[in-house]
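Here is how the chains run, residue by residue.
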Amino acid sequence: MAGPSGPLDLGLAAARDALRAGDLSPVELARAYLDAMETAAELNCYILPTPERALDMARAAGARLAAGEGRALDGLPIGIKDLFCTEGVATTAGSRILEGFAPPYESHVTENLWRAGAVMLGKLNMDEFAMGSANTTSHYGPVASPWRRADDPAARLVPGGSSGGSAAAVAARIALAATGTDTGGSIRQPASFCGVVGLKPSYGRCSRWGIVAFASSLDQAGPLARTVRDAAILLAAMAGHDRRDSTSADLPVPDFEAAAANPDVRGLRVGVPREYRIDGMPPEIEALWERGIEMLRDAGAEIADISLPHTKYALPAYYIIAPAEASSNLARYDGVRYGLRVEGEDLDGMYAATRGAGFGAEVTRRVLVGTYALSAGYYDAYYLKAQRVRAAIARDFAGAFERVDAILAPTAPSDAFAIGENDDDPIRMYLNDVFTVPSSLAGLPAISVPAGLSARGLPLGLQVIGRMFDEETVLRAGAALEAAAGFDARPAGGA
Amino acid sequence: MAYRIEGETGAWEVVIGLEVHAQIVSEAKLFSGAPTAFGAAPNAQVSLVDAAMPGMLPVVNERCVRQAARAGLALDAEIARVSVFERKNYFYPDLPQGYQISQYKRPIVGEGHLDIDAGEGRRRIGVERLHLEQDAGKSLHDRHPAKSYIDLNRAGVALMEIVSRPDLRSPEEAGAYLRELRSILRHIGACDGNMQEGSLRCDANVSVRRPGGDLGVRTEIKNLNSIRFLQQAIAWEARRQVEVIEGGGTVAQETRLFDAARGETRPMRSKEDAHDYRYFPDPDLAPLELSDAWIAEVAAGLPELPAAKRARYAGEHGIGAEEAARLAEEPETAAFYEALAAGRDPRPAANWLLGDLSGALNKAGLGLADSPVGAAALGGLLDLLADGAISGRIAKDVFAEMFETGRGAAEIVEAKGLRQVSDAGAIAGVVDAVLAEHADKAAEYRAGKTKLLGFFVGQTMKRTAGQANPRAVNEALRARLDGG
Amino acid sequence: MSLDKATVRRIAHLARIRVEEDRLEPLAGELNAILGWIEQLNEVDTSGLEPLASVAGHGLPMREDKVGDGGDPDLVLAGAPDRAGDFYAAPKAVE
Ligand SMILES: [Mg+2]
Ligand SMILES: [Zn+2]
């Protein structure tokens, strides 16, 4: 529960200003978070806290700030999804197969963050290889959301996934902000479940170099934070061209914070895609969406009904494309060069034993689906078909963006569910991403902003999707929603 | 005459297609910044990308792309404006990513051809495609009883796979094709062509049929690392297939290895599961697009190819076809020859290079690059000969000395006083003395025994220790003897 | 298209993942459910649509041919589960 105001109550922008003003030292701030992390250890947000590193980094930031050489993120303590390789710090991707692996290199995104002065609190839990929507597939155990249902306070809820540790940590205030990755909704859906802001940038905005690959044509890093502005500040530091990633966009990084600080949507044309009104959508989601439309309309936006005809097929197309790429991306975990090895009767036996023991059930399922979809005789029927559908989806969006500047939709089709729920039904689990996957397939930037509470008292997010590389409009519209929604509910659990 | 295998039931024709893997000359690997040099310490040329560390990504090397395009243009082939890198998925310890990045449906180079002459005139052999791909690492199976040791130095090095049409009809043609392909690649500097070091590897697809009949079942012989082995393997394999068919059996479509010690092929122990490589476009790499301007620039930078050189040497230079081919095959030889022949009579230049110099190098076990006599030095010798400053016989001695000591021709000639005497007065004096000494023979000559001219020439040369210009001696003798 | 046990076994082998014999049947069921659901893609008329493999929105950048990596066997060998000197070691596979 919210106690008297302390350092943990400062958002990223506010903490930054307090540090610069000298009202607070980076070490004090880091200590506050490290203490809170211990208190909230039962949420299992962190696979690996890195307190010593955090304090070292905080001290260095403090010295720079004292010398008047403060950098963009100096002294701001953040958590890192354990999909980002961090030099000399164990990186697991939530999988047993990377047991013992400590990369001798730093991902481009985290390198950018450290260069900007950010402080690493630790490595955050996640679904294994980012495959999941509930953070229940992690080898390191599920993450519990700090939120509780009003009608069943004892039930432990999922934080969403795959960036579940990131979202839960930000919600529980055991990280000022966090990095996440989004392949089909893995930043936005947990942000919605946990009542925080999550932004998936355009494909190519953040370098994928040093991020353990799940589905290369979809993976994007992005921020999870308390506010749209905080997310913008973090994204500005994460983003940027990297010649080591052939898919990285060679574009300047706009002033995202300025965009977030200017929630003026007057005249902005906002599309409402009719195909997102799916069968069986809970009325409270539909109502939230209606409220979101009203908020933007009241703020001066022009609302337009639009059509994205292939929406329904995004999810099944995704569940061919992502597993196919994953089946190949995960072939390198073979027990030869790093990570787990389990001996077998011969070479193939070693491979099979290592990968059988190293991969969990969901990863195995997806690798098998992907292997099958690419195998002789099925490639055209599954893989090429899915890519053609992907083209149709991208074309839908391109058409819509001729008429509108942004698209408003719910982030997820429900509020958070209990740990263990949906685990035995992959397809029901996959349906969590029904509203996030289409924009992922098209590579578009999208933000989830907490906009209200469900009947059970759980957060619900709304999503704004923008044109390719137009994060600024996404941030602007997101900030407008944020301002109008005035979401200030806090979870029961956490620090 | 067409190559035929005479079986018990009649004659058989051999049909051969070659797949050549040529290592591209580049400093760094195809998708990483690790070096490519041969013979480094194990795993000393391995980047994080080559070791397939999590999150590592490929970025294509421009020079490797350029080299493939150069090779394609040299094969008179179409360069694809759009080609696609795909992943070929399979598990093997020396394949760190679990896939090889290769080109499959859309290679960088399409149909081309090259011409060979294996003794039956010029024949045009089709090239089906050329594509870029990564090499695998090396597995060492003999260091441990139960384990393979893996060296990834070669993992990720750029290869061109060049696939011929099944247009070859004899081991000799296959050898000629490989020799010509190697020569082209070496001339354009795309591959060093070193088969011992594995820079050029060849697989042969071999089948037999009745002459002109339907194609038979083919076998693929892997990893032939010399032209001689290629030819032996094809001859042996074709003969084996004929025996199988004539014995009432059928040829199995399989992969075979050539056992050089026994001179025969044998089936590779194949795995029970059929290969299913699950090719798909590499999502880390967008399609490779090449502009017309880029291709034109690459084409403009191509050097003269061996076929054009052969034609020019045989035509403009008047060199015999066989010598022209020898001069043009290796770029070092051609460059040496062209430097030597520049501003000189090409024929003695060719003769000295292919004759005396090659012979001396062979004897000394040296290559042209290590020759103690360079083109400029040999040119100096040729110039002394052409000027008549030394005789051909003296030139051989001077050359031997040059080869041994590395000294220049003029220096040797001056130091040893070997300069040919062409001065008419000096020669006339010697001629007079010779005729005086052999007055009897001079009379015989004048009486009609003109064959004695050679005798007088010999005597004159002897008195001048071989330094007299033979032509001047001839002229002086004739003037005295014939002129009265 | 329906996967049977044998197909699951074959796919698992292709993917080099050990699946216990008693898991094959249930796994076939799960995969069939997923693939069956995916088959709704066949309702989409995709004629005239090129498969979309990348949304990067730019061509393929190329790197200069310059050496800037390698030279440090320990860097890549340090995490090897079975290291033999400067080699990786793996169970023997003979071609
Ligand atoms: Mg081949
Ligand atoms: Zn190949």
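Look up: the structure comes first, before these words.
Residues numbered from 1 in each chain as written. Chains lettered and ligands numbered in written order. Predicted model: local features only at pLDDT ≥ 70, side-chain atom pairs only at ≥ 80, totals over all residues. Heavy atoms only, no water.

Engineer: Please explain the environment of A:Ala322 as it appears in this structure.
Structural biologist: All names here are of chain A. Within the fold, Ala322 resides in helix H10 (residues 311-329). Of the residues examined, Ala322 reaches a relative accessible area of 1% and is grouped as buried. For the pair Ala322 and Asp219, spaced 103 residues apart in sequence, the C-alpha separation works out to 9.4 Å. Residues contacting Ala322, with those up to four places away along its chain left out, are Phe214, Ala215 and Leu218. (Helix = DSSP H or I, 4+ residues; strand = E, 2+ residues; numbered from the N terminus. Buried < 20%, exposed > 50% of the residue type's maximum accessible area, 1.4 Å probe, protein only. Contact = heavy atoms within 4.5 Å.)

Engineer: Just checking my understanding: could you explain unusual backbone geometry for this structure?
Structural biologist: Look at the link from A:Gly161 to A:Ser162: it is a cis peptide, with omega at 10 degrees. Residue position: A:Ser162 is located in the loop between strand S3 (119-124) and helix H5 (164-171). Despite not being glycine, A:Arg173 shows a phi value in the positive range, around 60 degrees. Relative to the assigned elements, A:Arg173 resides in the loop between H5 and strand S4 (177-182). Residue classification places A:Arg173 among the buried positions, given a relative accessible area of 15%. Despite not being glycine, B:Asn223 shows a phi value in the positive range, around 55 degrees. Topologically, B:Asn223 is positioned in strand S13 (residues 219-224).

Engineer: Could you clarify how one ought to interpret the sheet that holds strand S5 (residues 85-89) of chain B in this entry?
Structural biologist: Within a sheet, neighbouring strands are paired by backbone hydrogen bonds and run either parallel or antiparallel to one another. On the basis of which strands lie adjacent, the open sheet formed by three strands has the order S6-S5-S16 (chain B) and antiparallel pairing. At either margin of the open sheet sits one strand with a lone partner, and together these are strand S6 (99-103) and strand S16 (280-281) of chain B. As paired strands, S5(B) and S16(B) are joined by two bridges and run antiparallel to one another. Within the sheet, the bridge partner assigned to B:Arg87 lies in S16(B) and is B:Phe280. The strands touched by H10(A) within the sheet are S5, S6 and S16 of chain B, with S5(B) carrying the most contacts at an inclination of about 65 degrees. (Pairing = 2+ DSSP bridges. Axes fitted to C-alpha atoms, helices over the stretch in contact; angles between N-to-C directions.)

Engineer: Sorry, what's going on with the interface of chain A and chain B here?
Structural biologist: By convention, interface size is frequently given as the accessible area that disappears when the constituent parts associate. Counting residues at the interface gives 38 residues for chain A, matched by 29 residues for chain B. Around 2,800 Å² of area is buried between chain A and chain B when both sides are counted, 59% of it from carbon and sulfur atoms. Looking at the side of chain A facing chain B, the largest losses of area belong to A:Ser328, A:Arg332 and A:Arg337, adding up to 21% of the total buried there. Seen at the junction of chain A and chain B, the total is one salt bridge. The shortest N-O distance in the salt bridge between A:Arg208 and B:Asp284 comes to 3.1 Å. Taken together, the connections running from chain A to chain B amount to 16 residue pairs in polar contact (both at pLDDT 80 or more). For the side of chain A that touches chain B, the secondary structure elements donating two or more residues are H10, helix H11 (347-358), helix H12 (361-374) and helix H13 (379-400) of chain A. Considering every element that reaches the side of chain A that touches chain B, the biggest residue donor is H10(A), with four residues. Its residues assigned to classes, the side of chain A that touches chain B comprises 20 nonpolar, nine polar and nine charged. (Buried area = accessible area lost by both parts, 1.4 Å probe. Salt bridge = Lys/Arg side-chain N within 4 Å of Asp/Glu carboxyl O. Polar contact = N/O pair within 3.5 Å; in protein donor to acceptor, adjacent residues only side chain to side chain. Nonpolar A, V, L, I, M, F, W, Y, C, P; charged D, E, K, R; others polar.)

Engineer: Help me understand the pattern of salt bridges, please; the structure alone is not making it clear to me.
Structural biologist: Opposite charge on two side chains permits them to pair, given that their charged atoms come into close proximity. Tallying each qualifying case throughout the model produces 83 salt bridges over all chains. Two residues, A:Glu99 and A:Arg96, come together in a salt bridge whose shortest N-O distance is 3.5 Å. Here the residues in one salt-bridge network are A:Arg208, A:Asp245, B:Arg87, B:Asp282 and B:Asp284, joined through shared partners.

Engineer: Honestly, the nonpolar core in this entry has me stumped. Any pointers?
Structural biologist: Looking at soluble globular proteins, one finds that nonpolar side chains tend to be buried together. Of all hydrophobic cores here, the largest spans 221 residues; its most connected members are A:Leu113, A:Phe129 and A:Phe397. The biggest single contributor to this core is H10(A), with 11 residues. A:Phe129 has contacts with A:Ala93, A:Ser95, A:Ile97, A:Leu98, A:Val212, A:Phe214, A:Leu330, A:Tyr333, A:Phe359 and A:Val363, leaving out every residue within four places of it along the chain. Membership of the second largest hydrophobic core comes to 69 residues, among which are B:Ala77, B:Ile101, B:Leu132 and B:Val298. (Core = buried A, V, L, I, M, F, W, Y, C linked by side-chain atoms within 4.5 Å.)

Function cannot be inferred from these measures alone, as they are strictly geometric.
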